[in-house]
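Results of the structural survey
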Amino acid sequence: MNSHAEILAQHNALTKVMNKYCLANPHLPPPSVAAGYILDSSERTRSLWHLTRREGADLFDAACEKRVVPSSASTVIIGAGIAGTSTAWWLCEMGVPARDICVLEAGAGAGIGASGRNGGHCWCSPRMDDDGDVSRLKCKTRDGVEAMLHHLDDRCEFKARGGATVLDGGDPLEEKLKDESEWVSFCNQHIPEARGVELFGEEECAARLIPCTAATLEPLAASLHPQRLLDAMWRSLSAKGVDLCSNARVVEVSCLDKDDDNDITDQGEAMFEVRTTRGTVKARRVVYAINAYMATLLPELAPHFEPFRGQVSAFPSPSSHPVCQHSLTSSSGFLYSIIRDVGEGSSKVYSDATIVLGGGRFASTAKEMYERGTWDDTRTHPGISLALKQAMQTWYNVDASPSPLVEWSGIMAATSDERAVAGELPPRPRSALPPSNPSSSAASSASASASATPSSSSSSSAHSSEFVIGGFNGNGMAIAFELARRLAVEMQASLTKDIEDKSSSSTGDLANEHYIPLQLHVSRFFEKRD
């Protein structure tokens, strides 16, 4: 067995090779997407969610691998994670014919990337610097997912247990209590959709087995089986006729000249050629739902999208004593846990893996990087593995050093202002603004509002017909579903040139609740256009 030092040396050496490769080959997709450049896809870690899918899921994956990539489609969605799948879902709900939608996935099936590798938490957690509509959007995602589950054939281990933020580490407790009191008041006064956030003292924490002397509780926080959610959505979408073509890595998206033969679009509409490793698709509009890999196809977004590796471990619940049933997160950052709702319909494989812990990036040897700048999800970081074991001991009162039943990693996307991104891109050619100062959230918000028009397409009659959704900063399950709905609204509006002044203003007017908030619109990254 390799020593701890040897494992770390191997990890750091491979990371350097990966990053050197990506810098030297900016025109190529990252290795973990383009299997065969450096890493074979079979070497990637497998999550608990991948190992506990419903019977028959692999048969659907095999069918998607064999499905012929169509020569044309009205709408091509690149990426079959939660963002791309939700966008296809909402377009169908809004009346777009299923046969007009084609979803292309670089991996072996839906959820092979971050969407099937997260910690299973669906925690909306509004921020005080969110505008009102952003906070409502987060709350609506959780409610929307729960409502959708009633129409699917799988409950996906969904459980609304509430989420407790453990006030630990860092600043003195008195300062934390003051900050949290302000946040609780803010939520309860301005965000009724949050349904009553509470601040608990030592007695209430003890009664709920929350492992601290003070905590906040968000009743909306839920947990679910993310891979089974995607599988259930795809069973429904496939039955409607939506095509998912997997192992079809997109190499390039190019604009076609207006003089080119065009048999699928109206005169004057933008048209694209989407070239994949399994064929080429002519498309009327394109959605980029590739999260951490956004810059591989949209290099202008490289200053605003950075990949980072998240890590998760699954442990058995202690048999000797009860544990807190709320989802947990740490106020000192980068740690969270859920309790799986293993019951009817759950896989018998790893049914004892009921506590899922994720985060721990503070334990990375390159602390200033926090596991940023890597696309390598073939391994886990030993220091982070140890941090998750320690959290298991502390939060769930386990005496001996626990061993995880499953351990995995996934590549997520951090954005320059730590906010998700969606909306129609400006027409080509385009160049993005440099990132604003990340040291001030308020400054980032102000900069975003100042630099953005309601949408790049709303200030001009020209539409690019290229859309993006991603940049979830490790919390995609809590925002992607509702953000995809609003993206679908914008996509449909752009077809009728009826998008003027429809994006939400910074006031969060309820009349604009169907549109993408300025704080989340991709237009904030581009020059203001007259």
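Residues numbered from 1 in each chain as written. Predicted model: local features only at pLDDT ≥ 70, side-chain atom pairs only at ≥ 80, totals over all residues. Heavy atoms only, no water.

1. Considering the overall build of the protein
Across its full length, the protein carries twelve helices and 18 strands. Looking at the protein as a whole, 56% of its 530 residues qualify as buried. Relative to all contacts within the protein whose residues are 6 or more apart in sequence, the contacts with residues 24 or more apart total 80%. Here the protein has roughly 21,400 Å² of accessible surface; of this, 50% comes from carbon and sulfur atoms. (Helix = DSSP H or I, 4+ residues; strand = E, 2+ residues; numbered from the N terminus. Buried < 20%, exposed > 50% of the residue type's maximum accessible area, 1.4 Å probe, protein only. Contact = heavy atoms within 4.5 Å. Areas by Shrake-Rupley, 256 points an atom, 1.4 Å probe, with all protein chains shown as cover.)

2. So, the environment of asparagine 475
Relative to the assigned elements, asparagine 475 resides in the loop between strand 18 (466–470) and helix 12 (480–495). In this structure asparagine 475 touches His121 and Trp123, once residues within four positions along its chain are discounted.

3. Some details on the environment of alanine 387
Relative to the assigned elements, alanine 387 resides in helix 10 (residues 382–396). Residue classification places alanine 387 among the buried residues on the basis of a relative accessible area of 6%. With 52 residues separating them in the primary sequence, alanine 387 and leucine 335 have C-alpha atoms 9.1 Å apart.

4. Let's talk about the pattern of salt bridges
Under the defined criterion, the tally for this structure stands at 28 salt bridges. One salt bridge connects arginine 53 with aspartate 231, and the closest N-O pair in it is separated by 2.9 Å. With arginine 53 in the loop between helix 2 (48–51) and helix 3 (57–66) and aspartate 231 in helix 8 (residues 226–240), this pair connects stretches of sequence that are 178 residues apart. The residues arginine 53 and aspartate 231 share a single accessibility class, namely buried. Residue glutamate 157 pairs with arginine 228 through a salt bridge whose shortest N-O separation is 3.6 Å. You can see glutamate 157 sitting in the loop between helix 5 (132–149) and strand 4 (163–166) and its partner arginine 228 sitting in helix 8, a full 71 residues away along the chain. Taking relative accessible area as the criterion, glutamate 157 reaches 5% and is therefore assigned buried. (Salt bridge = Lys/Arg side-chain N within 4 Å of Asp/Glu carboxyl O.)

5. Focus on a negative patch on the surface
A surface patch of negative charge is lined by Glu174, Glu175, Asp179 and Glu182. Of note, glutamate 174 is situated in helix 6 (residues 173–190). Classification of glutamate 174 as exposed rests on a relative accessible area of 60%. (Patch = residues over 30% accessible without salt bridge, like charges linked within 9 Å, V, L, I, M, F, W, Y side chains within 5 Å. Lys, Arg positive; Asp, Glu negative; His and termini not counted. Charge placed at Lys NZ, Arg CZ, Asp CG, Glu CD.)

6. Side note on the sheet that holds strand 13 (residues 327–330)
What the eight strands build is an open sheet, ordered 5-6-4-13-14-15-12-16; its pairing is mixed. The sheet terminates laterally at strand 5 (198–200) and strand 16 (406–415), the two strands that pair on one side only. In this sheet, neighbouring strand axes are inclined to one another by 25° on average, regardless of whether the strands run parallel or antiparallel. Relative to strand 5, helix 6 is tilted by about 155°, and along the sheet it contacts strand 5 and strand 6 (215–218). (Pairing = 2+ DSSP bridges. Axes fitted to C-alpha atoms, helices over the stretch in contact; angles between N-to-C directions.)

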